[in-house]
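A look at the structure
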Amino acid sequence: MPAALPDLPDDPSHASQHDPQHDPLSRRMRALRRSDVRDLLRHAGLPDMISLAGGLPAAELFDVEGLRAATLAALDDTPAAALQYGMTEGQPALREAIAALLGERGIVAGADDLVITAGSQQGLDLVARVLLDDGDAVVVERPSYLAALQAFGLASPRWCTIGVDAHGGRVEDLDAACAGLRPKLVYVVPDFANPTGACMSLERRRALVRWAVRHQVTVLEDDPYGALRTGGAPIPSIAALAAEVPGASNWIAQASTLSKTVAPGLRVGWLRLPPWLRDAVVRLKQAADLHTSSLAQETARHYLASGRLPARLAIVRAEYARRRDALAEALQSGFGDRLALQVPEGGMFLWGRFTDGTDTRALLPHALERGTMFVPGDAFFVDAADAASLRLNFSAAPPDRLREGARRLRDAHAALHARAAAA
Ligand SMILES: Cc1ncc(COP(=O)(O)O)c(C=O)c1O
């Protein structure tokens with residue numbers, strides 16, 4: 001377990017109020033570790049901090065005007081739908097609109113295949129909770145999305161991991177990773193994965209679909225970043241490829257979201273599920289929150305209907321490409337071959353690995369002192385963490401701030417090594 005990150009003094013939830021002999025929290029809750037990323041976000045508001053840590057979209061690129069109009073349209077045109085309780089599955093008109101969006105990406109979906117969730121994070125949690133009993137085996141990529149590991153971790157699962165290379169998760173290692181166990185769930189982020197930015201190859205996606213059918217195991221494809229491709233040819237999603245293999249659609253679940261394309265504050269995401277899983281998820285969502293916010297759903301629906309999203313996405317993609325290049329070039333010129341960088345054709349993250357033995361958790365306090373921050377890579381591993389790796393976000397800050405962040409990181413690196421040499 002990695003060492004704790006430097007902490008701010010003003011967070012009361014860090015102080016243990018309880019006698020450890022009589023912990024009133026459930027066993028599941030006690031096993032839930034804090035999110036390093038969310039904890040780090042508290043530092044992001046410090047004066048002059050350049051955060052390369054969060055997974056935040058560029059706030060200045062939110063389509064405020066379009067969302068204002070959509071909110072007003074929701075209240076003026078469909079006030080009952082916007083303000084009343086709604087169906088647990090989500091507003092039918094929004095599900096129709098999302099189904100059409102998926103159709104444009106080659107995924108056949110009807111409104112009835114979808115459940116609207118409070119962001120895709122809720123989708124991951126709901127799928128995990130309907131599938132996993134304590135101790136069940138779960139396959140994740142190594143490294144993998146931290147908050148998915150938190151959601152699955154509530155079941156204290158047996159973790160089975162497949163490595164990630166330049167062509168995404170190593171699906172060919174699945175059988176060896178499972179070591180005779182039949183997992184309940186395989187979780188992958190095939191497009192611009194968080195944290196590595198890697199894209200899974202077409203061959204591996206097809207192989208994963210065939211594997212799911214052969215072993216009758218649910219694959220959860222998480223796709224928040226597919227629409228943020230800035231170069232290269234799109235690769236069909238696993239949900240689209242499932243149509244090629246008889247029986248596969250029964251085993252493929254997909255989560256996605258408007259968070260990275262429209263705005264995360266809306267908290268509108270969705271699950272595309274086979275009927276047996278959808279039925280279970282809807283029952284659980286009834287118990288969890290009745291339904292996702294009606295006002296947010298109606299706003300999202302009016303926004304999608306306004307037709308503004310494609311033009312906005314073109315702006316966002318072009319700017320993210322500029323930001324990615326600015327950060328990658330600054331890091332490459334600052335660190336040379338001491339930092340091996342993976343530069344993706346989309347998404348929001350660079351993944352780096354120090355080749356000079358730098359421990360990124362030891363580097364972080366030096367970075368914070370100099371006004372920048374990143375996420376140490378070990379946060380994204382459930383086993384065999386790589387202490388020399390780190391995740392750097394390029395979407396949230398403009399190019400000149402990213403260059404300055406890279407410069408501060410280089411200073412932090414120099415300070416860490418100077419201190420080590422003096423010791
Ligand atoms: C891989 C992945 N999945 C899911 C999410 C959750 O997004 P949201 O709940 O905002 O839709 C994120 C957010 O960073 C992510 O990176």
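Residues numbered from 1 in each chain as written. Predicted model: local features only at pLDDT ≥ 70, side-chain atom pairs only at ≥ 80, totals over all residues. Heavy atoms only, no water.

Remarks on the overall build of the chain
Scanning the chain from terminus to terminus reveals 15 helices and 14 strands. Taking 423 residues into account, the globule formula puts the C-alpha radius of gyration at 22 Å, and the chain, at 22 Å, falls close to it. Each of the three principal axes of the chain carries a C-alpha extent, and together these read 65 × 55 × 50 Å. When each of the 423 residues of the chain is scored for burial, the buried share is 55%. A separation of at least 24 residues holds for 74% of the contacts in the chain among residues at least 6 apart in sequence. For the chain, the computed accessible surface area is about 18,000 Å², with 54% contributed by carbon and sulfur atoms. Here the chain contributes 46 positively and 50 negatively charged side chains, and the mean placements of these two sets differ by 1 Å. (Helix = DSSP H or I, 4+ residues; strand = E, 2+ residues; numbered from the N terminus. Rg over C-alpha atoms; globule rule 2.2 N^0.38 Å. Buried < 20%, exposed > 50% of the residue type's maximum accessible area, 1.4 Å probe, protein only. Contact = heavy atoms within 4.5 Å. Areas by Shrake-Rupley, 256 points an atom, 1.4 Å probe, with all protein chains shown as cover. Lys, Arg positive; Asp, Glu negative; His and termini not counted. Charge placed at Lys NZ, Arg CZ, Asp CG, Glu CD.)

Considering the environment of Phe 374
Counting through the fold element by element, Phe 374 comes out in the loop between strand S12 (372-373) and strand S13 (375-376). With relative accessibility at 0%, the residue Phe 374 sits in the buried group. Along the backbone, Phe 374 and Gly 54 are 320 residues apart, and their C-alpha atoms lie at a distance of 7.7 Å. Not counting residues within four places of it along the chain, the set of residues in contact with Phe 374 comprises Leu 40, Leu 52, Ala 53, Thr 360, Leu 363, Leu 364, Ala 367, Leu 390, Arg 391, Leu 392 and Leu 409.

Quick notes on the pattern of salt bridges
Applying the stated criterion across every chain, the model contains 32 salt bridges. Among the ionic pairs, Glu 244 bridges to Arg 206, the shortest N-O distance being 2.8 Å. Of this pair, Glu 244 sits in the loop between helix H10 (238-241) and strand S8 (252-257) while Arg 206 sits in helix H9 (residues 202-215), and the two are 38 residues apart along the sequence. Taking relative accessible area as the criterion, Arg 206 reaches 31% and is therefore assigned partly exposed. Across the pair Asp 325 and Arg 324 runs a salt bridge, and its minimum N-O distance is 3.0 Å. In this structure Arg 324 comes out as buried when scored by relative accessible area, which is 11%. (Salt bridge = Lys/Arg side-chain N within 4 Å of Asp/Glu carboxyl O.)

Digging into the packing of aromatic side chains
Taken as a whole and assessed by the stated rule, the structure comprises 6 aromatic pairs. Plain terms: the ring middles of Trp 351 and Phe 380 are 6.2 Å apart, the flat faces sit at 80° to each other, and that makes the pair edge-to-face. With Trp 351 in strand S11 (residues 349-354) and Phe 380 in the loop between S13 and strand S14 (389-393), this pair connects stretches of sequence that are 29 residues apart. The pair formed by Trp 351 and Phe 380 is uniform in burial state, with each residue classed as buried. Counting every residue linked through ring pairs, the aromatic cluster contains Trp 351, Phe 380 and Phe 381. (Phe/Tyr/Trp six-rings, centres within 6.5 Å; stacked < 30°, edge-to-face > 60°.)

A word on the nonpolar core
Counting residues in hydrophobic clusters, the biggest one holds 93 residues, and the most contacted among them are Leu 208, Leu 327, Leu 331, Leu 392 and Leu 409. Broken down by element, this core gets its largest block of residues, 9 residues, from helix H13 (residues 309-335). Every residue in contact with Leu 208, bar those within four places of it in the chain, is listed here: Val 171, Leu 174, Val 186, Val 188, Met 200, Val 219 and Ile 238. In terms of nonpolar packing, the next biggest core, distinct from the first, is built from 27 residues, Leu 126, Val 140, Ala 151 and Ala 155 among them. (Core = buried A, V, L, I, M, F, W, Y, C linked by side-chain atoms within 4.5 Å.)

Let's talk about the site of the ligand
Within the structure, the ligand sits among 13 residues, and Ser 120, Asp 222, Tyr 225, Thr 257 and Ser 259 are positioned closest to it. One of the side-chain N or O atoms of Asp 222 is found 2.5 Å from a nitrogen atom in the ligand. Arg 267 places a side-chain nitrogen or oxygen 2.8 Å from an oxygen atom of the ligand. Within the complex, 93% of the 400 Å² of free accessible area of the ligand lies under protein. The element contributing the most residues to the shell around the ligand is helix H6 (residues 119-131), with 3 residues. For the shell around the ligand, a count of residues per class yields 4 nonpolar, 6 polar and 3 charged. (Near = heavy atom within 4 Å. Polar contact = N/O pair within 3.5 Å; in protein donor to acceptor, adjacent residues only side chain to side chain. Nonpolar A, V, L, I, M, F, W, Y, C, P; charged D, E, K, R; others polar.)

Re helix H11 (residues 275-289)
Helix length check: H11 (15 residues) gives 21 Å between terminal C-alpha atoms against 21 Å at 1.5 Å per residue, within 8%. Three or more residues of H11 are buried, namely Leu 277, Arg 278, Ala 280, Val 281, Val 282, Leu 284 and Lys 285. Elements in contact with the buried residues of H11: helix H5 (92-104), strand S2 (114-117), H6, strand S7 (218-222), S8 and strand S9 (269-272). In the segment just after H11, Leu 290 is the residue with positive phi, at about 65°. (Expected span 1.5 Å × (residues − 1).)

As for a nonpolar patch on the surface
Together, Leu 75, Leu 83 and Leu 295 give the surface a local cluster of nonpolar side chains, amounting to about 250 Å² of exposed area. Along the polypeptide, Leu 75 turns up in helix H3 (residues 64-77). (Patch = residues over 30% accessible without salt bridge, like charges linked within 9 Å, V, L, I, M, F, W, Y side chains within 5 Å.)

Considering the domain arrangement of the chain
Many descriptions give the size of an interface as the accessible area lost when the pieces come together. What the domain assignment lists for the chain is domain 1 (30-62 + 311-422) and domain 2 (64-306). Centre-to-centre separation of domain 1 and domain 2, based on C-alpha positions: 26 Å. Contacts between the two partners involve 32 residues from domain 1, matched on the other side by 31 residues from domain 2. A buried area of about 2,700 Å², summed over both sides, lies between domain 1 and domain 2, and 65% of it is on carbon and sulfur atoms. (Domains from an automatic or database assignment. Buried area = accessible area lost by both parts, 1.4 Å probe.)

Observations regarding unusual backbone geometry
For the bond running from Arg 142 to Pro 143, omega is 5°, close enough to zero to count as cis. Here Pro 143 lies in the loop between strand S3 (137-142) and helix H7 (146-153). In this chain, Asn 194 is followed by Pro 195 through a cis amide linkage whose omega measures 20°. We note that Asp 48 has phi near 65°; this positive angle belongs to a residue other than glycine. When you line up the elements, Asp 48 lands in the loop between helix H2 (36-41) and strand S1 (50-51). The exposure class of Asp 48 is partly exposed, given its relative accessible area of 44%. In this model, Leu 290 sits at a positive phi of 65°, which is unusual for a non-glycine residue. Relative to the helices and strands, Leu 290 resides in the loop between H11 and helix H12 (294-306). Overall, Leu 290 belongs to the partly exposed group, its relative accessible area being 44%.

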